[in-house]
Amino acid sequence: MIAEGAIEIIRAEKSKLQDINLENIPFGKYFTDYMLEADYKNGEWQTPVIRPYQPLMMAPSVAALHYGQAIFEGIKAYKDPAGNGYIFRPFDNFKRFNLSAVRMAMPEVPEEIFMDGMHKLLQMDINWIPNQADHSLYIRPFMFSSEEMIGVKPSEQYKFMIILSPTGPYYNTPMRIYVEEQYVRAVQGGVGEAKTAGNYAASMLATAEAKKKGYDQVLWMDALEHRYVQECGTMNVFFVIGNTAITPGLDKGTILAGVTRDSVITILQEMGLTVEERDLSIEEVMDAYKSGELKEVFGSGTAATISMIKELKYKDFVMEWDVEKYTVCQQVKTLLNNIRYGKSPDTHGWMYKI
Ligand code: COI
């Protein structure tokens with residue numbers, strides 16, 4: 001735990017919780033009573049502060065607003081049937097956060113600030129974890145360059161924060177996905193595996209255009225040949241072909257190394273499926289669809305959890321599935337949820353008690 005005095009705490013006069021109904025709550029709209037804030041300056045991290053959730057005061061010259069040196073994470077906390085709070089695999093997100101920091105030339109955040117600060121914040125806002133099925137408390141750690149300067153160079157000051165948002169499902173219904181041919185998300189040597197704000201900014205036009213055509217999200221293809229599947233909007237993607245689940249590999253550094261992705265791989269293997277992390281071309285996807293072997297397609301992500309995909313459109317070729325027949329995806333979702341909501345034993349050591 002964080003040492004006595006290593007974190008400053010400013011208490012709220014009263015909780016906002018009684019004004020909010022935590023049932024059927026939309027994603028990312030409401031925020032809890034507290035937030036954590038830690039500044040990096042003069043080459044070191046300053047004492048973190050937990051204070052009431054409130055707006056930030058910033059100069060218009062703050063570097064992040066101009067050059068986008070900004071990274072973030074998504075983590076979820078759940079309640080077990082006895083009402084105890086748990087965070088799902090926070091150390092994995094902590095490690096990924098610092099990988100993103102290194103890639104974006106930002107300072108790494110020490111464990112005492114990220115992990116112990118998150119723990120303390122969650123203890124203070126523990127009553128905000130919803131009880132309802134498919135609901136959780138979404139944890140959003142993030143960091144941005146906070147130096148006041150107009151000049152393209154790594155900033156000398158950064159702000160690390162954690163905010164919390166009670167939430168329901170990100171995607172409510174099975175998804176229709178447009179296979180993107182024109183725009184690309186990531187290229188080898190780029191920042192595809194970093195969870196940096198710009199990756200999401202760059203995805204918005206393609207997603208908006210796909211939405212106009214009636215699709216929920218895009219499926220990104222590799223930037224060189226526009227042939228190999230990468231990931232879907234806000235989630236990693238799995239294709240169940242026969243008794244094998246295929247998901248694009250992480251070897252090229254163009255895909256986000258999803259913590260949910262990793263958990264799904266473990267669960268699929270425990271279910272007896274073969275999991276292949278490898279290049280998967282859109283031709284292979286279409287061939288498997290035509291032969292009837294491509295049984296299920298689904299996405300995985302912290303926000304998205306496990307989301308069924310019912311349609312993929314590539315050029316003029318439409319692939320559709322009856323998601324009522326999805327058994328693998330349903331089973332993965334149930335097994336994962338049972339662990340998250342404390343209904344089955346945590347044999348992998350994924351749940352971190354608050
Ligand atoms: C997450 O799954 O936590 C994400 O960060 C995706 C999205 C909400 C940006």
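Quantities reported herein were computed from a predicted structural model and do not represent experimental measurements.

## Digging into the overall build of the protein
Right, so step 1: Summing up its helical and strand segments, the protein has seven helices and 19 strands in all.
Right, so step 2: Relative to the compact-globule value of 20 Å for 354 residues, the protein shows a C-alpha radius of gyration of 21 Å, a close match.
Right, so step 3: Seen through its principal axes, the protein has C-alpha atoms that stretch 65 × 50 × 35 Å.
Right, so step 4: Among the 354 residues that make up the protein, the fraction classed as buried is 53%.
Right, so step 5: Counting only contacts in the protein whose residues sit at least 6 apart along the sequence, the fraction spanning at least 24 positions is 72%.
Right, so step 6: Charge separation in the protein, taken as the distance between the mean sites of 36 positive and 46 negative side-chain charges, equals 4 Å.

## Quick look at helix 5 (residues 259–270)
For an α-helix, 3.6 residues make a turn, and residues three or four places apart therefore share a direction.
Right, so step 1: For helix 5, built from 12 residues, the straight-helix expectation of 16 Å at 1.5 Å per residue is met to within 8% by its first-to-last C-alpha distance of 17 Å.
Right, so step 2: Of all the positions in helix 5, only Val259, Thr260, Arg261, Ser263, Val264, Ile265, Ile267 and Leu268 are classed as buried.
Right, so step 3: Looking one or two places after helix 5, you find Gly272, whose phi comes out positive at around 100 degrees.

## Things to note about the site of the ligand
Right, so step 1: Around the ligand, the neighbouring residues are Phe72, Gly74, Tyr138, Arg140, Tyr170, Lys195, Tyr200, Thr234, Thr302 and Ala303.
Right, so step 2: In this structure, Tyr138 approaches the ligand through a side-chain N or O atom, which is 2.5 Å from an oxygen atom.
Right, so step 3: One of the backbone nitrogen or oxygen atoms of Ala303 is found 2.8 Å away from an oxygen atom of the ligand.
Right, so step 4: The residue inventory of the shell around the ligand, partitioned by class, reads five nonpolar, three polar and two charged.
Right, so step 5: Per-domain counts for the shell around the ligand show at least three residues from each of domain 1 (8–169) and domain 2 (175–340).

## Points about the pattern of salt bridges
Right, so step 1: Tallying each qualifying case throughout the model produces 18 salt bridges.
Right, so step 2: In this structure, the salt-bridge partner of Glu277 is Arg261, at a minimum N-O distance of 2.8 Å. Taken together, the residues Glu277 in strand 15 (residues 274–277) and Arg261 in helix 5 connect sequence positions 16 residues apart.
Right, so step 3: A residue is classified by how much of its surface remains accessible, and Glu277, at 44% relative accessible area, is partly exposed.
Right, so step 4: Judged by relative accessible area, Arg261 falls into the buried class, the value being 3%.
Right, so step 5: Each of Glu37, Asp39, Arg51 and Lys159 takes part in salt bridges that share partners, so that together they form one network.

## A short note on the domain arrangement of the protein
Right, so step 1: One can read the domain layout of the protein as domain 1 (8–169) and domain 2 (175–340).
Right, so step 2: A straight line from the C-alpha centre of domain 1 to that of domain 2 covers 27 Å.
Right, so step 3: In this complex, domain 1 contributes 20 residues to the contact, which on the side of domain 2 involves 21 residues.
Right, so step 4: Carbon and sulfur atoms make up 57% of the area that domain 1 and domain 2 hide from each other, which totals about 1700 Å².
Right, so step 5: At the junction of domain 1 and domain 2, the tally comes to one salt bridge.
Right, so step 6: One salt bridge connects Asp262 with Arg89, and the closest N-O pair in it is separated by 2.9 Å.
Right, so step 7: In this structure, the connection of domain 1 to domain 2 is made through 13 residue pairs in polar contact (both at pLDDT 80 or more).
Right, so step 8: Residue assignment for the side of domain 1 that touches domain 2 shows that the elements contributing at least two residues are strand 5 (70–72), strand 6 (75–79) and helix 2 (90–103).

## Remarks on the packing of aromatic side chains
Right, so step 1: With the rule as written, the count across this model stands at 18 aromatic pairs.
Right, so step 2: Ring centres 4.6 Å apart and planes at 85 degrees place the aromatic pair Phe27 and Tyr170 in the edge-to-face group. Of this pair, Phe27 sits in the loop between strand 1 (8–9) and strand 2 (34–41) while Tyr170 sits in the loop between strand 9 (158–167) and strand 10 (175–179), and the two are 143 residues apart along the sequence.
Right, so step 3: Residue Phe27 is classed as partly exposed on the basis of its relative accessible area of 25%.
Right, so step 4: Given the relative accessible area of 34%, Tyr170 is considered partly exposed.
Right, so step 5: Site record: aromatic cluster; members linked through ring pairs are Phe94, Phe97, Phe114 and Phe160.
Right, so step 6: Above the ring of Tyr215, the side-chain terminus of Arg176 is found at 4.4 Å from the ring centroid.
Right, so step 7: The residue whose ring lies beneath Arg340 is Phe88, and the NZ or CZ to ring-centre distance is 4.8 Å.

The rules behind the values
- Residues numbered from 1 in each chain as written.
- Predicted model: local features only at pLDDT ≥ 70, side-chain atom pairs only at ≥ 80, totals over all residues.
- Heavy atoms only, no water.
- Helix = DSSP H or I, 4+ residues; strand = E, 2+ residues; numbered from the N terminus.
- Rg over C-alpha atoms; globule rule 2.2 N^0.38 Å.
- Buried < 20%, exposed > 50% of the residue type's maximum accessible area, 1.4 Å probe, protein only.
- Contact = heavy atoms within 4.5 Å.
- Lys, Arg positive; Asp, Glu negative; His and termini not counted.
- Charge placed at Lys NZ, Arg CZ, Asp CG, Glu CD.
- Expected span 1.5 Å × (residues − 1).
- Near = heavy atom within 4 Å.
- Polar contact = N/O pair within 3.5 Å; in protein donor to acceptor, adjacent residues only side chain to side chain.
- Nonpolar A, V, L, I, M, F, W, Y, C, P; charged D, E, K, R; others polar.
- Domains from an automatic or database assignment.
- Salt bridge = Lys/Arg side-chain N within 4 Å of Asp/Glu carboxyl O.
- Buried area = accessible area lost by both parts, 1.4 Å probe.
- Phe/Tyr/Trp six-rings, centres within 6.5 Å; stacked < 30°, edge-to-face > 60°.
- Lys NZ or Arg CZ within 6 Å of the ring centre and 35° of its normal.

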